[in-house]
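Below are the chains, spelled out letter by letter.
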Amino acid sequence: AGMRHGLEVRVPLLDQRVVAWAWRLPPHMKVRGGRGKWLLRRVLEGLASPDLPALRATKTGYALPLGRLLRGPLRAWAAALLSPARLGKAPLLHAPAIIRAWGDLCRGSDAPQHRVCAALTYLGWRDAWGVHP
């Protein structure tokens, strides 16, 4: 449930006393050698098996498959928002560049996926809030 809403909900890290204490720590106790959570890792070294992958792993994220989503299940929604008529009413966007990026994305290139997504976010926001020129 926490991840669904982008919240940090690991119980030990939610205790307000732990958070207040961690805020007071000097930076060298938090990050060393470019790795975060230095003190937490040091504490766990004595409590957990040295073979525990989490102690050695670097933080990894995940990439949302924007291109695939926009070419697939979200295509009709995106195409409606990105129509030339609607883009013409959005003065902050350069319509020809957005139309070109959308065409490239539809032809299979993932390169413009973030630009197209940003335009869709802006256009969706305009619709949701009734912002019109």
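What comes next is a walk through the structure. This one's a predicted model, so the numbers in the text were calculated from it and none came from an experiment.

On to the overall build of the chain. When you go through the chain residue by residue, the secondary structure sums to 9 helices and 0 strands. Ordering the α and β elements of the chain from the N terminus gives α-α-α-α-α-α-α-α-α. Buried positions account for 21% of the 133 residues belonging to the chain. At a minimum sequence separation of 6, the contacts of the chain that also span at least 24 residues come to 45%. As presented, the chain carries roughly 10,100 Å² of accessible surface, and 64% of it is formed by carbon and sulfur atoms.

A separate point is the packing of aromatic side chains. Under the criterion given, the structure shown has 1 aromatic pair. Ring geometry for tyrosine 122 and tryptophan 125: centres 6.3 Å apart, planes at 20 degrees, overall stacked. Here tyrosine 122 pairs with tryptophan 125, and both are found in helix 9 (residues 113-129), just 3 residues apart, close to one helical turn. Given the relative accessible area of 18%, tyrosine 122 is considered buried. Its guanidinium or amino end placed over the ring of tryptophan 38, arginine 32 lies 3.6 Å from that ring's centre, counting from NZ or CZ.

Let's shift gears to a nonpolar patch on the surface. Taken together, Leu40, Val43, Leu44 and Leu47 make up a surface patch of nonpolar side chains, about 360 Å² in accessible area. As for its placement among the helices and strands, leucine 47 is situated in helix 3 (residues 38-47).

What follows concerns the environment of threonine 121. Mapped onto the elements, threonine 121 comes out in helix 9. Among the residues examined, threonine 121 registers a relative accessible area of 53% and is labelled exposed.

Another aspect to go through is the nonpolar core. Counting 17 residues, the largest nonpolar core has Leu82, Leu93, Val116 and Leu123 as the members making the most contacts within it. Going through the elements one at a time, helix 6 (75-81), helix 8 (95-106) and helix 9 are the ones with two or more residues in this core. Sequence-distant contacts of leucine 82, defined by excluding residues within four places in its chain, comprise Leu87, Ile98, Ile99, Trp102, Val116, Ala119, Leu120 and Leu123.

About the thresholds
Residues numbered from 1 in each chain as written. Predicted model: local features only at pLDDT ≥ 70, side-chain atom pairs only at ≥ 80, totals over all residues. Heavy atoms only, no water. Helix = DSSP H or I, 4+ residues; strand = E, 2+ residues; numbered from the N terminus. Buried < 20%, exposed > 50% of the residue type's maximum accessible area, 1.4 Å probe, protein only. Contact = heavy atoms within 4.5 Å. Areas by Shrake-Rupley, 256 points an atom, 1.4 Å probe, with all protein chains shown as cover. Phe/Tyr/Trp six-rings, centres within 6.5 Å; stacked < 30°, edge-to-face > 60°. Lys NZ or Arg CZ within 6 Å of the ring centre and 35° of its normal. Patch = residues over 30% accessible without salt bridge, like charges linked within 9 Å, V, L, I, M, F, W, Y side chains within 5 Å. Salt bridge = Lys/Arg side-chain N within 4 Å of Asp/Glu carboxyl O. Core = buried A, V, L, I, M, F, W, Y, C linked by side-chain atoms within 4.5 Å.

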